[in-house]
Amino acid sequence: MYIYELPFDINKELCRLLDNDDDWKDLAGIHMKYSAFEVNEIEQMAKRQASSPTNQLFTRWGQLNHRVEELFILLYRMKHIPALRCLVPVVDGRFHRLLHKHDSKSIRDRSTLDVNANRLMTQKIEGSESSLPLPVMLFEKHGQFPTPSRVFDVHSPNPQTTDDSNTDSTKNSLPQSQDGSLGDEFLKSISAIPMLSYDDLKTATNDWNEANLLGKGGFGQVFKGEWKLLPLAVKRLKDNDDKNKELIREMCLNQYRHDNILPLYGYSLGGPEACLVYQLMAGGSLEQRLRGKTLHRPLSWGQRYRIAHGVARGLQYLHTMAGTPLIHGDIKPANILLDQCSIPKIGDFGLARKGPYGEDRTHLKVSRVHGTRPYLPDEYLRSRVLSPAVDVFSYGVVMLEMATALPVLDRTRKVLLLSDFMHQQARENVPFSILEDRILRGTTNSNPILCSAFIEIGLHCTRLIRHERPSMLDVYKRLDAIDFPDKHYA
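Rules behind the numbers
- Residues numbered from 1 in each chain as written.
- Predicted model: local features only at pLDDT ≥ 70, side-chain atom pairs only at ≥ 80, totals over all residues.
- Heavy atoms only, no water.
- UniProt positions renumbered as here; feature names shortened; annotations may be inferred.
- Core = buried A, V, L, I, M, F, W, Y, C linked by side-chain atoms within 4.5 Å.
- Buried < 20%, exposed > 50% of the residue type's maximum accessible area, 1.4 Å probe, protein only.
- Helix = DSSP H or I, 4+ residues; strand = E, 2+ residues; numbered from the N terminus.
- Contact = heavy atoms within 4.5 Å.
- Phe/Tyr/Trp six-rings, centres within 6.5 Å; stacked < 30°, edge-to-face > 60°.
- Lys NZ or Arg CZ within 6 Å of the ring centre and 35° of its normal.
- Expected span 1.5 Å × (residues − 1).
- Pairing = 2+ DSSP bridges.
- Axes fitted to C-alpha atoms, helices over the stretch in contact; angles between N-to-C directions.
- Left-handed = near helix turned anticlockwise from the far one by under 90°.
- Nonpolar A, V, L, I, M, F, W, Y, C, P; charged D, E, K, R; others polar.
- Polar contact = N/O pair within 3.5 Å; in protein donor to acceptor, adjacent residues only side chain to side chain.
- Salt bridge = Lys/Arg side-chain N within 4 Å of Asp/Glu carboxyl O.
- pLDDT = per-residue confidence, 0-100.

- The chain is annotated in an unreviewed UniProt entry as non-specific serine/threonine protein kinase of Pieris brassicae.
- Regarding the chain, the UniProt comment filed under Sequence similarities (unreviewed entry) reads as follows: "Belongs to the protein kinase superfamily. TKL Ser/Thr protein kinase family. Pelle subfamily."

Details of the nonpolar core
And then number 1: Counting residues in hydrophobic clusters, the biggest one holds 51 residues, and the most contacted among them are Tyr395, Met402, Phe454, Ile455 and Leu479.
And then number 2: Every element with two or more residues in this core is listed here: helix 14 (286-290), helix 15 (301-320), strand 7 (336-338), helix 17 (388-404), helix 18 (418-427), helix 19 (448-461) and helix 20 (472-481).
And then number 3: Ranked by residues supplied to this core, first place goes to helix 17 with nine residues.
And then number 4: Ignoring sequence-local partners within four residues, the contact set of Phe454 consists of Trp301, Arg304, Tyr305, Ala308, Met399, Met402 and Ala403.

A look at the packing of aromatic side chains
One pair of aromatic rings is described through two measures. These are the centre distance and the angle between the planes.
And then number 1: Enumeration over the complete set of coordinates arrives at five aromatic pairs.
And then number 2: Between the aromatic rings of Tyr2 and Tyr4, the centroid separation amounts to 5.4 Å while the plane-to-plane angle is 10 degrees, which identifies the pairing as stacked.
And then number 3: Judged by its relative accessible area of 52%, Tyr4 is exposed.
And then number 4: Both rings, one in Trp301 and one in Phe454, keep their centres 5.2 Å apart while their planes meet at 85 degrees; by these two values the pair is edge-to-face. On the criterion of sequence distance, the pair formed by Trp301 in helix 15 and Phe454 in helix 19 is long-range, its members being 153 residues apart. Judged on exposure class, the residue Trp301 and its partner Phe454 are both buried.
And then number 5: Feature note: the residues Tyr198, Trp208 and Phe223 constitute an aromatic cluster, connected by ring pairs.
And then number 6: The residue whose ring lies beneath Arg236 is Trp208, and the NZ or CZ to ring-centre distance is 4.6 Å.
And then number 7: The ring of Phe421 has Arg413 sitting right over it, with the charged end atom 5.1 Å from the ring centre.

Some words on the UniProt feature "binding site: ATP" (unreviewed entry) in the chain
And then number 1: Mapped onto the present numbering, the UniProt feature "binding site: ATP" (unreviewed entry) falls on Lys235.
And then number 2: By secondary structure assignment, the location of Lys235 is in strand 3 (residues 230-237).
And then number 3: When its relative accessible area of 5% is taken as the criterion, Lys235 is described as buried.

With respect to helix 3 (residues 36-49)
And then number 1: Taking 1.5 Å of rise per residue, 14 residues should cover 20 Å, and helix 3 covers 20 Å from first to last C-alpha, within 8% of that figure.
And then number 2: Within the span of helix 3, buried status applies to Ala36, Phe37, Val39, Ile42, Glu43 and Ala46.
And then number 3: In this structure, the buried residues of helix 3 make contact with helix 2 (23-31), helix 4 (53-62), strand 2 (220-227), strand 3 and strand 4 (264-268).
And then number 4: Positioned one or two residues after helix 3, Ala50 has a phi angle of 50 degrees, which is positive.

A closer look at the sheet that holds strand 2
And then number 1: One open sheet holds the five strands; their spatial order is 1-2-3-5-4, and the pairing between them is antiparallel. If you trace the sheet from one side to the other, it starts and ends with strand 1 (213-217) and strand 4, each paired once. This sheet shows a mean twist of 25 degrees between the axes of neighbouring strands, independent of strand direction.
And then number 2: For strand 1 and strand 2, the ladder comprises four bridges, and the chain directions are antiparallel.

Some points on the packing of helix 2 against helix 3
A pair of packed helices is captured by two measures, namely the crossing angle of their axes and the spacing between those axes.
And then number 1: Across the interface, helix 2 lies against helix 3 with an axial gap of 9 Å and an inter-helix angle of 145 degrees. The way helix 2 lies across helix 3 gives a crossing that is right-handed. On the side of helix 2, the interface is formed by Trp24, Lys25, Ala28 and Gly29, while helix 3 contributes Val39, Ile42 and Glu43.
And then number 2: Broken down by class, the residue content of the contact of helix 2 with helix 3 amounts to four nonpolar, one polar and two charged.

Notes on the pairing of strand 5 (residues 275-279)
And then number 1: Counting buried positions over the five residues of strand 5 gives four, a clear majority of the element.
And then number 2: Pairing of strand 3 with strand 5 involves five bridges; the strand directions are antiparallel. Note on strand 5: the bridge partner recorded for Lys235 is Leu276.
And then number 3: Of the pairings in the sheet, the one linking strand 4 to strand 5 comprises four bridges and is antiparallel in character. The residue of strand 5 that forms the bridge with Gly266 is Val277.
And then number 4: Where strand 4 folds back on strand 5, the antiparallel hairpin that results is connected by six residues, among which Gly270 adopts a positive phi of roughly 100 degrees.

A few points about unusual backbone geometry
And then number 1: Despite not being glycine, Lys79 shows a phi value in the positive range, around 60 degrees.
And then number 2: As for its position among the elements, Lys79 is in the loop between helix 5 (68-78) and helix 6 (81-87).
And then number 3: Of note, Ala405 is a non-glycine position whose phi angle comes to about 60 degrees, a positive value.
And then number 4: You can see Ala405 is positioned in the loop between helix 17 and helix 18.

Overview of the environment of Arg313
And then number 1: Relative to the helices and strands, Arg313 is located in helix 15.
And then number 2: A sequence separation of 52 residues divides Arg313 from Ile261, and the C-alpha atoms of the two residues are 9.7 Å apart.
And then number 3: With residues near it in sequence (within four places) discarded, Arg313 still touches His258, Asp259, Asn260 and Tyr476.

Section: the side chain of Asn335
And then number 1: Mapped onto the elements, Asn335 comes out in the loop between strand 6 (326-327) and strand 7.
And then number 2: A relative accessible area of 7% places Asn335 in the buried class.
And then number 3: From its side chain, Asn335 meets the backbone oxygen of Asp330 in a polar contact 2.8 Å long.
And then number 4: Each residue touching Asn335, except ones within four places of it in the same chain, is listed here: His328, Asp330, Lys345, Ile346, Gly347 and Asp348.

Quick look at the pattern of salt bridges
And then number 1: Evaluation of the coordinates by the stated rule reveals 16 salt bridges.
And then number 2: With its nearest N and O atoms 3.7 Å apart, the salt bridge here joins Lys25 to Asp22.
And then number 3: For Lys25, a relative accessible area of 19% gives the class buried.

With respect to the confidence of the model for the chain
And then number 1: Summarising the model, the chain shows a mean pLDDT of 78, and 75% of its residues fall at 70 or more.
And then number 2: This stretch, residues 103-186, has a pLDDT under 50; its non-local contacts, to residues over four places away or in other chains, come to 131 contacts.

Structure below.
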């Protein structure tokens, strides 16, 4: 039986099962060999049509004349027992023994594994290591990166070839505890991210041509490229020996999908440098737009508002997800990327840390301070106190920059740092309207009221005492309540 011949009731139940927890993405990306771009395309099409993404996947895969038995083998490798049972009535009896392999013992083992993995994810860890995402912690402890899971050939529906030797060899290359749970948790965190070849990325960027260079910094360089007719941005990491912490962090954080967070499309290992692959943001960075470093027109107040609103929304999501805040640690205009409609996406999670664990903890202390000095608060710089309030402070500085377009550090000013300078202006009762970005001030695009609102929020976010700063949810609500004529238009 071909996939497109599946009975309606069975197809509907499979869609229900695989839509849950986005299991269809594992099926598509890991087992069916679809790229991250294709998985994203399937997801977007399902959203537009208000339909099941699993059904969209089956439609696409079925057009290649794949059979139900092939799907059964893939679900067996996924260990998705409910979906296997759903297919039993429509597959040959020879394949039923694969389901029988998942006996009660293996189910109990898997449950134990999940419990152990969950305990690892939620336990309190002594010292500053508790601020590291789990894959980074595992990698640093065991000193090796996992071998990417092999892509299986699904075109031969012969059950004799479905032993677990490949899976076992992959797991053996992972950092493991005695019960193997560490390796499985690591694999779960990264297995859905496609690994691309270094040579493909080299070709995509025209041999790392300087003409395609989008930016560079302490991490390395970012190049514009085109791969399989898709525009992308490739971050070539400079340090390939320091355990590639940034690469692993970004891969770990790929699970956090949000409209205002830049998604990781893929990665590359094994070449001269490790690489990260992202969606190409046609609008450039907020830094470039504020400094007039692109051919785009200056940002209007409506665009600045939507950027501020989107970044606040993204940070609020990071700070409140799953009960444990994720602190970005390096919010600044260079790390806020804009698409062709100037919708912002927060990028560069190389310094991200898990925040304080538990309701009784408001902060944690780290061994080293990372980030960009003018965007970091005093308690973090001096006392290494890390909390979501660090991101709030950084966001406040960005708000002041968007309102005034003044440099964040200016050695010609008596007060070097923008945040300190703006607090001084407030103490001296300088009208905020005269501090509006010069490119807008005095033109028909000027908006002194919105400029003042931005500065007021920026000053609130950059207060010296961290407990006096608002949460990102408070900032988001405050922005949401602002009303002005250009609010809903570009």
